[in-house]
Amino acid sequence: MAGVDHEAETRTGDGLPCVLVVDDVEANLVAMQALLEGMGCEFALARSGNEALRLLLRREFAVMLLDVQMPEMDGYEVARYARQNPATRDVPVIFLTAANRDEERVLRGYGSGAVDFLFKPVNPKILRSKVGVFLELYASRREVQKSKRELEHAYDELQTAQAQLVQSAKMASLGELVAGVAHEINNPLSFVTSHLETVQKCLRNVEAESGQTLSPSAEESWARAKDRLKEMSTGLERIADLVVKLRTFSRLDEGERKHASLSECVESVLTILRHRTGQRIRVETRFQPDDRVDCYPGLLNQAIMNLVANAIDAVEGPGTVEIATGLDEQAYSIRITDSGPGIPPTIRERVFEPFFTTKPVGLGTGLGLSITYAIVQKHGGELTLTDAPRGGTTALIRIPFEAGNRS
Ligand SMILES: Nc1ncnc2c1ncn2[C@@H]1O[C@H](COP(=O)(O)OP(=O)(O)OP(=O)(O)O)[C@@H](O)[C@H]1O
Ligand SMILES: [Mg+2]
């Protein structure tokens, strides 16, 4: 049975159940079909064993009525071949034979996997009742398969929902924790910052009055104190920046929802980050004209900013960052592709975790992607990171229209 595989693909189980009637005598085919009229099934007619095997591969059959005496390939052989192929193995067979009722023949029939046996001339009532049983069996098997598919589908959905729940529960509890920490840091931060400013002001006053009276060593200490104060102020700025990030992370409901143009969002981010791209990185933008999205522009800007910042960080030496906005049938998209080394598979699972970073202390907080993820989720969208075709990483934000985003 060569060349059957591609035909097997066209097998279908939709529509009415079908009965395959196999007989080398045309008149018998017609008669059999007439006997089974009105049973709620279709018929396929085969005039030889080979034709029967071909038809078997093309679609599903509820039962095969198989004439035993046929030239070339007899009914037993047809049944044997059908049993050998997993795709046709389960089709029940009713052998039809004109031979006398000798036991050995009957047994031979069962031996090749037959499910039933009928003698010609066929008793119409018995034929209809037997075929009826197989039609019912077929219908219930289909029902079971359908339920199984539905069950599998429901299970998949359940798993996805569970994963999302776990994810959002994790995010929610983390959000509370982070909000608490940000609040705790913020109070001492503001008084340390303001005291530092006071100290600097006081020192300037003292300096103005003391004139040139300081000894060289006192002068040196003085300069060092001023220098350290400046460094402290830089450190405090960094902490303040972190607190802002932590707050955004925990309070993603801030800001107003309105229509904003994606290309304008990208342009504003690029203006802020221009000092980091400099001459080193060529930024290429491609904008979709109709790009006004109903969104939280402040948050969306931040999401884009995090992704572009990551892209810039990823590119060592000269390279490119491509930013494209787009629109398909379902969603707006922002695609950011860098020419960096890509994300190693070993850390791919972890990059969305809050505080996961591979950057040196002070350069990365590891919050960028987790914040971005939460922002995109808030817009009912998706964030994916994939390998770019020419190396590097592509970050893709998709914001669907269903969430009321199409303006
Ligand atoms: N475009 C990229 N190419 C290669 N690696 C990336 C890219 N984007 C993210 N990563 C990896 O994912 C890690 C986490 O990114 P994330 O933006 O969350 O934090 P970060 O960039 O390290 O710190 P922050 O965003 O707070 O400055 C990065 O440290 C980096 O290892
Ligand atoms: Mg980042």
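Residues numbered from 1 in each chain as written. Chains lettered and ligands numbered in written order. Predicted model: local features only at pLDDT ≥ 70, side-chain atom pairs only at ≥ 80, totals over all residues. Heavy atoms only, no water.

1. What about the sheet that holds strand β7 (residues 281–286)?
Pairing between sheet strands relies on hydrogen bonds along the backbone, with the strands arranged either parallel or antiparallel. On the basis of which strands lie adjacent, the open sheet formed by five strands has the order β7-β9-β10-β12-β11 and mixed pairing. In this open sheet, the two edge strands, each paired with only one partner strand, are β7 and β11 (382–387). With strand direction ignored, the average angle separating the axes of adjacent strands in the sheet is 15°. Pairing of β11 with strand β12 (residues 393–400) involves six bridges; the strand directions are antiparallel. For Glu382, the partnering residue across the bridge sits in β12 and is Arg398. Taken strand by strand, helix α11 (residues 368–378) contacts β11 and β12, and its axis lies near 135° from that of β11. (Pairing = 2+ DSSP bridges. Helix = DSSP H or I, 4+ residues; strand = E, 2+ residues; numbered from the N terminus. Axes fitted to C-alpha atoms, helices over the stretch in contact; angles between N-to-C directions. Contact = heavy atoms within 4.5 Å.)

2. Describing the environment of Ala314
Counting through the fold element by element, Ala314 comes out in helix α9 (residues 297–314). Look at Ala314 and you get partly exposed, because its relative accessible area is 22%. Through-space distance from the C-alpha of Ala314 to that of Asp338 is 7.3 Å; in sequence the pair is 24 residues apart. When near neighbours in sequence (up to four residues on either side) are disregarded, Ala314 contacts Asp338, Gly340 and Pro341. (Buried < 20%, exposed > 50% of the residue type's maximum accessible area, 1.4 Å probe, protein only.)

3. Some thoughts on the confidence of the model for the protein
Predicted coordinates in areas of low pLDDT are best not read in detail. On average, the protein scores 86 in pLDDT, and the residues at 70 or more come to 87%. Element-level pLDDT for the protein is lowest in helix α1 (residues 5–8), with a mean of 39, against a maximum mean of 97 in strand β1 (residues 18–22). Counted against residues more than four places away or in other chains, residues 1–10, with its pLDDT under 50, gives 10 contacts. (pLDDT = per-residue confidence, 0-100.)

4. A closer look at the site of ligand 1
Near ligand 1 you find 20 residues, and of these Asn310, Thr357, Thr358, Lys359 and Thr365 are the closest. One nitrogen or oxygen atom from the side chain of Asp338 is found 2.8 Å from a nitrogen atom belonging to ligand 1. In this structure, Leu369 approaches ligand 1 through a main-chain N or O atom, which is 2.8 Å from an oxygen atom. A total of 590 Å² of accessible area belongs to ligand 1 in isolation, and the protein chains cover 92% of it. Every element with two or more residues in the shell around ligand 1 is listed here: α9 and α11. Partitioned by chemical class, the residues of the shell around ligand 1 number eight nonpolar, nine polar and three charged. (Near = heavy atom within 4 Å. Polar contact = N/O pair within 3.5 Å; in protein donor to acceptor, adjacent residues only side chain to side chain. Areas by Shrake-Rupley, 256 points an atom, 1.4 Å probe, with all protein chains shown as cover. Nonpolar A, V, L, I, M, F, W, Y, C, P; charged D, E, K, R; others polar.)

5. Quick word on the packing of helix α3 (residues 49–58) against helix α4 (residues 75–84)
It is at 10 Å that the axes of α3 and α4 come closest, and there the two elements cross at 25°. Of the possible angle classes, the one that applies to α3 and α4 is roughly parallel. Where α3 crosses over α4, the two elements pack in a sense that is right-handed. Between α3, through Gly49, Ala52, Leu53 and Leu56, and α4, the contact on the second element is made entirely by Val78, Tyr81 and Ala82. In the contact of α3 with α4, the residues fall into six nonpolar, one polar and no charged. (Parallel < 35°, antiparallel > 145°, perpendicular 65-115°, else oblique. Left-handed = near helix turned anticlockwise from the far one by under 90°.)

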